[in-house]
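Okay, here's what each chain looks like letter by letter:
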Amino acid sequence: MTEGAWTVSEVSDAVRAGARSATDVCRDALARIDALNPQLNAFNTVVAEQALARAKAIDDDRGRWRDAPLAGVPVAIKDNLCTRGVRTTASSKILESYVPPYTATAVERLEAAGAVIVGKANCDEFAMGSSNETSAFGPVRNPWALDRIPGGTSGGSAAAVAATLAPLALGSDTGGSIRQPAALCGVVGLKPTYGRVSRYGLIAHASSLDQVGPLTRTVRDAAIVLGVIAGGDPCDATSASEPVPDYTTGLTGDIRTLRVGVPRALLDKGVHGDVAGALFAALDALKNRGAALIDIDLPHARYATAVYYLVSTAEASSNLARFDGVRYGFRARAEPRTPGADLRTMYARTRAEGFGSEVKRRIMLGTYVLSAGYYDAYYLKAQRLRTLILRDYEQAFTGADAVNVIAMPTSPTPAFRLGERTADPLQMYLADVFTVSANLAGLPAISVPCGFTADQLPIGMQLTGRRFDEATLLRVADAYERDTPWSRRTPAIATR
Amino acid sequence: MLASGMPPGFTREQVTAVAALANLELEPAEIELFAKQLGDILAYADEVQQVDTTGVEPTASVTRQTTDRADELRPSLDRGEVLDAAPDAAIDAGFFKVPRVIG
């Protein structure tokens, strides 16, 4: 397997300069997928012919792509983002054979910038899970240790980038689904500010929390890709029309005037020793570059996981009501019983056979917390706490002691073993303890590789920033990356 | 209403009632499993009751300003392609098909 140039910026520079053809790059990606995907199961669908045709079209019209930021860059698209003419399953049996009649805005923007879609990445079913084990197409394996989970829900996206199958993947993040797998697979994962990237064509999980973002090898690559996919979209009323800066110009390495908040009380318990050690070493590195470390308090963050599972399941139960066997995907055969009951039987049986266990569990929980008598005690209560969580962050980011970014681990533990937590959903949910707050508050957050455990499992540092200030977030993450070797490490499976 | 700090157990009858609301047909084994698991999850989530939220406005969305689009005529999705993605449809007539509803 070839070594070297396999970042977004390296590939697009080479294609634009004519040093490599898009076809050559595409063949390389497809060969890597052929060699490693049987072990990793990172893709639900590979579109080799379509990708080669697209690469050839780029090579045949090089003038048109001379300034394209992603010229010839192979990209894996999480399988909950709609791609016209290409099966989009959300890793669910209920959408097993669904071919969308339209393409998600973020995907369209990647293609307009010259990217070449190589396939649809495996994920947790409807992006519900923390380990990629809820996929109807089987779990993805972690490229650093094949007996371990890659994280979830964008597990296929993270594994594909970590194993160098593609230099770029698109994911979605409702409670950590870009950042946590990025951390556990040793790559960079960025969840933009809510509204920064259009959600049009993203199969909805929890509409007030969902956000699309990139997984890449380097922070610079994440900055390039965000610049491509960010911006308002008439098809998504929650997308923001704030101007999109060139996110790469701020990557100066200079963080001398910046203040990094550290919520120490959150790190006291439940954090794996190697993870805490790596985070503190990373904080030292930021300090050595001139950033100030400031202790901060986020008093309501400890309730974030509970709030998240009340809010997200409520929204999910509502969003997933549309899967009824009528308009798309799978329909169960309902035996006729009494006239008139057939339709409801068909709905209930389609959903019983089409959804997996975790999705049913969340629909049940969400339906319950929205039901009469419990709405106030759970859903409304959680929404009030969401306000308090948001205010904690606003307080940290404003005033005389304001910090620019907040640092914490992305995941309290490194990648766990396949099957270790599947019997206990609550234990699985607690994997999201550090990531869910950014979604509840709508803030941008990035996971950047910050070391390895004694067992050689990747560790990620999470940085959370101010609303629409991805530029500062990326500047800090990039400055850190310059001082450390983690982003350049590749799992052994990809170098053999 | 639930008392603060009381783990709100989940009965099989409740699971069955919620499943009916959610249009989900559950196997007896699933009812048993969900009663236990949903009870565990709610017992954990019940910690939200510890926080006094008197006078705190709920947050349903963090969007501060929604983006309106011009009210202009533009092409919609192709009807044939949309119907083609359905499990059963009369594509030429322009209908989704469902099991018989009326006698």
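Residue numbers here run from 1 along each chain, matching the order of that chain's written sequence. Chain A is the first chain written and ligand 1 is the first ligand written, with later ones labelled in order. Side-chain atom pairs in this predicted model are given and counted only at pLDDT of 80 or more, local residue features only at pLDDT of at least 70, and totals for whole chains, interfaces and linings cover all residues.

1. Considerations on the overall build of chain B
Numbering of helices and strands starts at the N terminus; helices are DSSP runs of H or I of at least 4 residues and strands are runs of E of at least 2. If you tally the helices and strands in chain B, you get 3 helices and 2 strands. Listing each helix as α and each strand as β along chain B from the N terminus yields α-α-α-β-β. Exposed residues have 12 or fewer other C-beta atoms within 10 Å of their own C-beta, buried residues have 20 or more, and residues in between are partly exposed; the C-beta atoms are placed from the backbone. Looking at chain B residue by residue over its 103 residues, the buried ones come to 20%. Here contacts are defined at the residue level, using C-beta atoms placed from the backbone and a cut-off of 7 Å between them. Taking contacts inside chain B between residues at least 6 apart in sequence as the whole, the part at least 24 apart equals 37%.

2. A short note on the overall build of chain A
Scanning chain A for helices and strands turns up 15 helices and 11 strands. When we talk radius of gyration, it's over C-alpha atoms, and the globule rule is simply 2.2 Å times the number of residues to the 0.38. Relative to the globule expectation of 23 Å for 496 residues, the C-alpha radius of gyration of chain A, 22 Å, shows essentially globular dimensions. With the C-alpha coordinates aligned to their principal axes, the bounding extent of chain A is approximately 75 × 55 × 45 Å. With 496 residues in all, chain A has 63% of them scored as buried. In chain A, the proportion of contacts linking residues at least 24 apart, taken out of those at least 6 apart, comes to 77%.

3. Section: the sheet that holds strand β4 (residues 168–173) of chain A
Residues and elements named next belong to chain A. Pairing in this open sheet of 11 strands is mixed, and the strands run β1-β3-β2-β4-β6-β5-β10-β11-β9-β7-β8 from one edge to the other. Of all the strands in the sheet, the pair left with one neighbour each is β1 (43–46) and β8 (292–295). For this sheet, the mean inter-axis angle between neighbouring strands, taken without regard to orientation, is 30°. Here the rule is simple: two strands pair whenever DSSP picks up at least two bridges between them. Here β1 runs beside strand β3 (residues 116–121); their pairing, made up of 3 bridges, is antiparallel. Note on β3: the bridge partner recorded for Val 46 is Gly 119. Fitted lines through C-alpha atoms serve as axes, helices being fitted only where they are in contact, and the angles separating the N-to-C directions of these axes extend from 0 to 180 degrees.

4. So, the pairing of strand β9 (residues 405–409) of chain A
Where a strand is regular, its side chains alternate between the two sheet faces. All names here are of chain A. Burial analysis of β9 places 5 of its 5 residues in the buried class, which makes it a mostly covered element. Bridging between strand β7 (residues 259–262) and β9 involves 2 bridges; their strand directions are parallel. Residue pairing for β9: Gly 261 is matched across the bridge by Ile 406. Across 5 bridges, β9 lies against strand β11 (residues 458–465) in antiparallel orientation. When the sheet's bridge partners are listed, Pro 409 is paired in β11 with Met 461.

5. Examining the pairing of β7 of chain A
Residue and element names in this part refer to chain A. Pairing of β7 with β8 involves 4 bridges; the strand directions are parallel. Paired with Val 260 across the bridge in β8 is Leu 293. Note that the unit made of β7, helix α8 (residues 273–288) and β8 has a crossover that is right-handed. Whether a crossover is right-handed comes down to one check: with the strands pointing away from the viewer, does the path from the first strand over the helix to the second run clockwise; if it does, it is right-handed.

6. Some points on the interface of chain A and chain B
If you look at the interface, chain A gives 60 residues, while chain B gives 46 residues. For the side of chain A that touches chain B, the elements supplying multiple residues, two or more each, are α9 (304–319), α10 (342–354), α11 (357–370), α12 (375–397) and α13 (425–429) of chain A. Tallying contributions element by element places α12 of chain A first for the side of chain A that touches chain B, with 11 residues. Residues belonging to the side of chain A that touches chain B are distributed by class as follows: 35 nonpolar, 15 polar and 10 charged. Gly is placed with the polar residues, together with every amino acid not listed as nonpolar (Ala, Val, Leu, Ile, Met, Phe, Trp, Tyr, Cys and Pro) or charged (Asp, Glu, Lys and Arg).

7. A word on the confidence of the model for chain B
For chain B, the mean per-residue pLDDT works out to 88, and 91% of the residues sit at or above 70. In the predicted assembly, ipTM is 0.92 and pTM is 0.96. By definition, pLDDT measures how confident the predictor is in each residue, and it falls between 0 and 100.

8. A look at the packing of helix α7 (residues 219–229) of chain A against helix α15 (residues 470–483) of chain A
All names here are of chain A. With their axes 9 Å apart at the nearest point, α7 and α15 run at an angle of 160° to one another. Classified by the angle their axes make, α7 and α15 are roughly antiparallel. Along this stretch, α7 crosses α15, giving a crossing that reads as left-handed. Contact residues: Val 219, Arg 220, Ala 222, Ala 223 and Leu 226 in α7; Glu 470, Leu 474, Ala 477, Asp 478 and Glu 481 in α15. Partitioned by chemical class, the residues of the contact of α7 with α15 number 6 nonpolar, no polar and 4 charged. Angular relationships are summarised with four words: roughly parallel below 35 degrees, roughly antiparallel beyond 145, roughly perpendicular across 65 to 115, and oblique for the angles in between. Each crossing is labelled by how the near helix is turned from the far one, with a counterclockwise turn of less than a right angle marking it left-handed and a clockwise turn marking it right-handed.

9. Brief notes about the nonpolar core
One broad rule of soluble globular proteins: the nonpolar side chains tend to lie buried together. A set of buried residues drawn from Ala, Val, Leu, Ile, Met, Phe, Trp, Tyr and Cys, joined through C-beta atoms within 7 Å, is what defines a nonpolar core. In this structure, Val 75, Val 118, Val 307 and Leu 310 of chain A are the most contacted members of the largest nonpolar core, which totals 182 residues. Counting residues per element, this core draws most heavily on α9 of chain A, which supplies 9 residues. Sequence-distant contacts of Leu 310 of chain A, that is, excluding residues within four places in its chain, are made with Val 369, Tyr 378, Tyr 379 and Ala 382 of chain A together with Ala 45 of chain B.

10. Describing unusual backbone geometry
Residue and element names in this part refer to chain A. Residue Thr 153 follows Gly 152 across a cis peptide bond; omega there is 15°. Examined against the element boundaries, Thr 153 turns out to sit in the loop between β3 and α5 (155–162). Although it is not a glycine, Phe 468 sits at a positive phi angle of roughly 60°. Mapped onto the elements, Phe 468 comes out in the loop between β11 and α15.

11. Quick look at the environment of Arg 217 of chain A
All names here are of chain A. For Arg 217, the location among the structural elements is in the loop between β6 (211–216) and α7. Counting along the chain gives 31 residues from Arg 217 to Gly 186, while the straight-line C-alpha distance between them is 8.4 Å. Not counting chain neighbours up to four residues away, the residues in contact with Arg 217 comprise Thr 7, Val 161, Pro 167, Val 187, Val 188 and Ser 487.

12. Observations concerning the packing of α8 of chain A against α15 of chain A
A pair of packed helices can be characterised by two numbers: the angle between their axes and the separation between those axes. Residue and element names in this part refer to chain A. Two elements in contact, α8 and α15, have axes separated by 10 Å at closest approach and are oriented at 100°. By the angle between their directions, the pair α8 and α15 is classed as roughly perpendicular. Listed contacts from α15 to Ala 282, Ala 285 and Leu 286 of α8 are Val 476, Tyr 480 and Asp 483. Taken together, the residues of the contact of α8 with α15 sort by class into 5 nonpolar, no polar and 1 charged.

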